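Given next are the chains, with one letter for each unit.
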Amino acid sequence: MNLTMIPFISVLHDGDEIGRIVGKLTRELGSGGISVSLGSGRQDSPSAVAFAIITGGTERLALDAIGNDGDPVLLLAHTLHNSLPAALEIAATLHQRGRKATIFLLGGREGSLEELKRHISLQETRARLMQSRIGLIGGASEWLTASSPDPETVRAAWGPLMVPLEMEEFLKRRERIPEAEYVRVAEDFLRGAGELREARRDDIMESARLYCALRRTADKYSLQALTIRCFDLLAALGATGCLGLSRLNDEGVVAGCEGDVPATLTMLWAYYLTGKPSFMANPQDISPGESLIEFAHCTVPLSLVKEFSLRSHFESSQGAALEGTFENGPVTVARVGGLTLKELFVTDGELITHHPREGRCRTQATVRTQEPPGHLLSSPLGNHHLIFAGHHAGELREFHKLYIKERTLP
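Computed from a predicted structure; not experimentally measured.

Cut-off values and rules
- Residues numbered from 1 in each chain as written.
- Predicted model: local features only at pLDDT ≥ 70, side-chain atom pairs only at ≥ 80, totals over all residues.
- Heavy atoms only, no water.
- Pairing = 2+ DSSP bridges.
- Helix = DSSP H or I, 4+ residues; strand = E, 2+ residues; numbered from the N terminus.
- Axes fitted to C-alpha atoms, helices over the stretch in contact; angles between N-to-C directions.
- Buried < 20%, exposed > 50% of the residue type's maximum accessible area, 1.4 Å probe, protein only.
- Right-handed = clockwise from strand over helix to strand, strands pointing away.

Section: the sheet that holds strand S7 (residues 161-165)
Here is step 1 of the chain: One open sheet holds the four strands; their spatial order is S7-S6-S9-S10, and the pairing between them is parallel. A single partner strand is all that each edge strand has here, and the edge strands are S7 and strand S10 (254-256). For this sheet, the mean angle separating the axes of adjacent strands, direction not counted, is 20 degrees.
Here is step 2 of the chain: Relative to strand S9 (residues 225-228), strand S6 (residues 133-137) runs parallel, the two sharing four bridges. The residue bridging Ile 134 from the neighbouring strand is Ala 225, located in S9.

Digging into the pairing of strand S3 (residues 48-53)
Here is step 1 of the chain: When you tally the buried positions in S3, you get six out of six residues, the bulk of the element.
Here is step 2 of the chain: Of the two faces of S3, the one holding Ala 48, Ala 50 and Ala 52 and the one holding Val 49, Phe 51 and Ile 53 are both buried throughout.
Here is step 3 of the chain: The pairing of strand S1 (residues 2-8) with S3 spans six bridges and is parallel. The residue bridging Phe 8 from the neighbouring strand is Ile 53, located in S3.
Here is step 4 of the chain: Crossover handedness for the path S3 to helix H2 (residues 59-66) to strand S4 (residues 73-77): right-handed.

Here's what the structure looks like:
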């Protein structure tokens, strides 16, 4: 974990003593797993940034460097040379200006470093989102009537740049994939599968070819995430992108279905914050009284399941899709949406034993949520929701409150 520390020091103080204090703070942060580099007073570092108030008499200097606009501020203070009094004055001024600021008082206090590391993680996530590019191949599917925000809304609310890409260009890229390249990928899927059911070997080969085209698209346009209008592939090729999206997510390129930008954005956010890929799925049944949601979709990152079979795509009975089986355990369910993309649904839950049902997409899961999920019926943000391992609702809510903030459900 990296941190750029920008120190502020009054000219009235002894340089040797101040040097010892800066060194001591740097060592304390290092002992907690925070690698520190000293900054010059500008917030232009790609790492997280904290303003270290080393002495009193630095209030104006620090406030001028921090500025009036921007994201929440991390202030470091210690217990000597009027550091804390100055930090309190700086934070109070920022609050009066409508700017969020948090003071972390160092000096071996229990929990202080862990709290700082949590905020550094949030700030790093914010910086990564601001630098990200999301490819939209072919546009959103026509049925995603609440999930087709314009690029300016995505940029203003969350930071990523949307990169629109033509389906025709993507299909031409697919034609240029060498056979040996996609055969290797197909063999990986075939070796790992517990069963090959409706899908044929040729379907797996075509799915692998599409994966290679998606991978090349991500590389060509420097994309951290992409989403594709995948049902168009059925019309053009009798194939699907289910296997390719699965593999990309496991490789760290966030990949969503159907051109759903809010869902893909949620996947990217969750990946940056937790390092974990997501299962993008349709809610199929919601039982608010039992706090149960049943989900299904035809793709899933294979790292999330204990075993999988290769099947046909559910709606079309064409191409290749994945039927994965989950281990029971803790998960988070989340989605962003709304007109400005600033609304959030998030809840922790548990994957519980699921009995697959016909008439649904191939990979299925049941989640018992910690909060009754009635808001999905009364105030939905859209169709697709994201499921990823571990309990992270608190982290997502805190990030949302600090950096986005409009409304959180439930």
